[in-house]
Amino acid sequence: MTPEEFRTHAHELVDWMADYMAGIEERPVRAQTAPGEIAAKLPATAPEKAEAMADIFADFERDILPGVTNWQHPSFFAYFPANSSPPSVLAEMLTATLAAQCMLWQTSPAGTEVETRMMEWLRGMLDLPQHFQGVIQDSATSATLVALLTARERATGWRANNEGLAALGAQGRKLTVYVSEEAHSSIEKTMKVAGYGAENLRKIPADREFAMQPAELAAAIEADIAAGFTPACVTACIGGTGTGAMDPLVPIGEICRRHNIWFHVDAAWAGSALILPECRHLVDGLEHADSFVFNPHKWLMTNFDCTAYFVADPDALERTLSLVPEYLRSRETGHVIDYQNWSVPLGRRFRALKLWFVIRSYGVEGLRSLIRNHIALAEELFEQVSGEADFDILSPLRLSLFSFRYHPAGIEDEAALDALNLRLIETLNDSGLLYLTQNRVRGKFAIRFQIGQTTTTKHHVEAAWSFIRETAHGLNA
Ligand SMILES: *Cc1c(COP(=O)(O)O)cnc(C)c1O
């Protein structure tokens, strides 16, 4: 394809992209396809001969697009948002065009320096501790893996990287990690990957408000030490995935300091809300954390992937991950940041560019008002659902997330209520008009509702709620 041909196709595609954004509400939120349906439309083997872009694009629209869940739909209330925005998409077009690898300062100085500056901007926007230094990772899971690797190194006196897990065996002390029972599954997954072993994860009971109980944490740590384990890391969550749980950082940080344990804070979703001064109290005590992660690719209008990972001590991070063979040396090695030493993958996209576009394009004030609006919409809806006789609130409002279930008079059997609510959510999601996620809260089948898409307005929330009520009443009729 010549640059001139590219120009023509790109203009067509940009027109299509703008039309997609403008007309997204005519599409179903969740893809309405069955397993295998999309694969059946693709040839079993790759084409030998070149094909025309017009054909490829026509097939994209006809065969591929129906199998895409439209995450940017304003009636997307499932999972957490993975919101995007026009400035973010524009920057991604540039990033893809430059296709620069930003692993070393020298392989793209702007990649490194814009990233450093954007992490400083975010640190200021979220009012994070001044000594934190940030790096972009591909996901919160990767950031947590890096935190656990660094914690592992620190807990083994920087030996595990070199000696392998035998370093733990020789000491005869297994490393343990602590989370609340509300924590995200990525912690257990990365524990497996980092060699801790899933059985050395301790799930600390949460209180009635779903927050980790510091006294239970302290007791578990002391029992483990007495039993010959080495507590290596505590991960607190600010905005747990199921119920938006908020762990108390001050007492947890105090326990970590007392026992010299790595203190990691996972605010993957809720972190973006810290740009609101009225939310900043949620992370009181953060100055005692060793690491903190949040995802601008969830709720800060910046499309996936863009995870901001902050550490108190970048030297510990580099000491854990740095490996500089001759071909990765440059004149500047040691005098500049080479971000390949701050993350597991070597290759790195120029992801800071989209943050730069998004933050400048909205201004911090613009971003604040979007998130504030999401929270206000959730507060209104929460009030309304709380006032309905035939709906139960199963988890309280946390920022813009809560969960509920349908509970019509006369049905008291828990299994029947579970089945009714499963039918309800499947009917709702099959309609394509909105998209919600199921969960279990203290054993009860729950429907989660979160608001965070870039273009969601009051009208979408109100329409969703009347549709939920009607559908629920219809099922019970
Ligand atoms: C979404 C989420 C994660 C995982 O995020 P990825 O970037 O997809 O790895 C981890 N923790 C919490 C609390 C989350 O909400």
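Computed from a predicted model, the values in this text were never measured in an experiment.

Engineer: Looking at this model, I keep getting lost on the pattern of salt bridges. Mind explaining?
Structural biologist: When the charged atoms of two side chains with opposite charge come close together, those side chains can pair. If you walk through the whole model with that rule in mind, you get 30 salt bridges. As a salt-bridge pair, arginine 258 and glutamate 254 come within 3.0 Å of each other at their nearest N and O atoms. One end of the pair is arginine 258 and the other is glutamate 254, both in helix H10 (residues 249-259) and four residues apart, which spans about a single turn. Taking the relative accessible area as the measure of exposure, arginine 258 reaches 48% and is therefore partly exposed. The partner of arginine 329 in a salt bridge is glutamate 326, with the nearest N and O atoms 3.5 Å apart. Each of Glu92, Asp305, Arg349, Arg351 and Lys354 takes part in a single network of salt bridges with overlapping partners.

Engineer: Would you mind showing me how to read the site of the ligand here?
Structural biologist: Residues in close proximity to the ligand total 13 residues, the closest being Ala140, Thr141, Asp266, Asn295 and Lys298. Between the ligand and threonine 241 there is a distance of 3.2 Å, counted from an oxygen atom to a side-chain nitrogen or oxygen. Residue aspartate 266 places a side-chain N or O atom 2.7 Å away from a nitrogen atom belonging to the ligand. When the ligand is considered free in solution it has 380 Å² of accessible area, and contact with the protein chains removes 87% of it. For the shell around the ligand, the secondary-structure elements that each account for two or more residues are helix H5 (140-155) and helix H11 (296-299). Taken together, the residues that form the shell around the ligand break down as three nonpolar, eight polar and two charged.

Engineer: Can you walk me through helix H13 (residues 352-386) in this structure?
Structural biologist: Since the α-helix advances by 3.6 residues per turn, residues separated by three or four positions end up pointing in the same direction. Here H13 contains 35 residues, and its C-alpha end-to-end distance of 41 Å is more than 12% below the 51 Å for a straight helix at 1.5 Å per residue. Along its length, H13 reaches its greatest deviation from straightness, about 85 degrees, at glycine 363.

Engineer: How should I be thinking about the sheet that holds strand S3 (residues 201-204) in this particular structure?
Structural biologist: Sheet strands associate in pairs through backbone hydrogen bonding, adopting either a parallel or an antiparallel arrangement. Read across the open sheet, the seven strands follow the order S1-S7-S6-S5-S4-S2-S3; overall the sheet is mixed. The open sheet has two edge strands with one neighbour each: strand S1 (133-137) and S3. Going from strand to strand, the sheet's axes swing by 20 degrees on average, the running direction of each strand aside. The pairing of strand S2 (residues 175-180) with strand S4 (residues 230-237) spans four bridges and is parallel. Bridge pairing in S4 links threonine 176 to proline 231.

Engineer: I'm lost on the domain arrangement of the protein chain in this one. Help?
Structural biologist: Bring the parts together and some accessible area is lost; that lost area is often taken as the interface size. Each domain of the protein chain was delimited in the assignment, giving domain 1 (1-30 + 69-85 + 363-477) and domain 2 (101-349). Relative placement of domain 1 and domain 2: their C-alpha centres are 30 Å apart. On the domain 2 side, the residues contacting the 28 residues of domain 1 number 29 residues. Taken together, the two surfaces of domain 1 and domain 2 that pack against each other cover about 2,500 Å², and 66% of this comes from carbon and sulfur. In this structure, the connection of domain 1 to domain 2 is made through two salt bridges. The partner of glutamate 278 in a salt bridge is arginine 372, with the nearest N and O atoms 2.7 Å apart. On the surface where domain 1 and domain 2 come into contact, there are twelve residue pairs in polar contact (both at pLDDT 80 or more).

Engineer: Would you mind showing me how to read the packing of H5 against helix H8 (residues 185-193) here?
Structural biologist: For any two helices packed against each other, one specifies the inter-axial angle together with the distance between the axes. Packing of H5 against H8 leaves a shortest axis separation of 9 Å and a crossing angle of 50 degrees. One element, H5, and the other, H8, form an angle in the oblique class. Handedness of the H5/H8 crossing: right-handed. On H8, the residues touching Thr141, Thr144, Leu145 and Leu148 of H5 are Ser186, Ile187, Thr190, Met191 and Val193. Here the contact of H5 with H8 is composed, by residue class, of five nonpolar, four polar and no charged.

Engineer: What should I look at first to understand the packing of aromatic side chains in this one?
Structural biologist: How two aromatic rings sit relative to each other is given by the distance of their centres and the angle of their planes. Using the criterion set out here, one finds 22 aromatic pairs in the structure. Centroid distance tyrosine 339 to tryptophan 342: 5.4 Å. Interplanar angle 80 degrees. Geometry classified as edge-to-face. Owing to a relative accessible area of 1%, tyrosine 339 belongs among the buried residues under this scheme. With relative accessibility at 3%, the residue tryptophan 342 sits in the buried group. On the numbers, 5.2 Å between centres and 75 degrees between planes, the contact of phenylalanine 382 with phenylalanine 402 is edge-to-face. Residue phenylalanine 382 is found in helix H13, and its partner phenylalanine 402 is found in strand S9 (residues 401-406); the two are separated by 20 residues along the sequence.

Engineer: Can you help me understand unusual backbone geometry in this one?
Structural biologist: Excluding glycine, most residues fall at negative phi; most peptide bonds, likewise, are trans. Going from phenylalanine 304 to aspartate 305, the amide bond is cis rather than trans, its omega being 5 degrees. Phi is positive for aspartate 127, which is not a glycine, with a value near 55 degrees. Tracing the chain through its elements places aspartate 127 in the loop between helix H4 (109-125) and S1. You can call aspartate 127 partly exposed: its relative accessible area is 47%. Look at asparagine 260: it is not a glycine, yet its phi comes out positive at around 55 degrees. By secondary structure assignment, the location of asparagine 260 is in the loop between H10 and strand S5 (262-266). Residue class for asparagine 260 comes out exposed when judged on its relative accessible area of 58%.

Cut-off values and rules
Residues numbered from 1 in each chain as written. Predicted model: local features only at pLDDT ≥ 70, side-chain atom pairs only at ≥ 80, totals over all residues. Heavy atoms only, no water. Salt bridge = Lys/Arg side-chain N within 4 Å of Asp/Glu carboxyl O. Helix = DSSP H or I, 4+ residues; strand = E, 2+ residues; numbered from the N terminus. Buried < 20%, exposed > 50% of the residue type's maximum accessible area, 1.4 Å probe, protein only. Near = heavy atom within 4 Å. Polar contact = N/O pair within 3.5 Å; in protein donor to acceptor, adjacent residues only side chain to side chain. Areas by Shrake-Rupley, 256 points an atom, 1.4 Å probe, with all protein chains shown as cover. Nonpolar A, V, L, I, M, F, W, Y, C, P; charged D, E, K, R; others polar. Expected span 1.5 Å × (residues − 1). Bend = angle between axes of the 7 residues up to and from the residue. Pairing = 2+ DSSP bridges. Axes fitted to C-alpha atoms, helices over the stretch in contact; angles between N-to-C directions. Domains from an automatic or database assignment. Contact = heavy atoms within 4.5 Å. Buried area = accessible area lost by both parts, 1.4 Å probe. Parallel < 35°, antiparallel > 145°, perpendicular 65-115°, else oblique. Left-handed = near helix turned anticlockwise from the far one by under 90°. Phe/Tyr/Trp six-rings, centres within 6.5 Å; stacked < 30°, edge-to-face > 60°.

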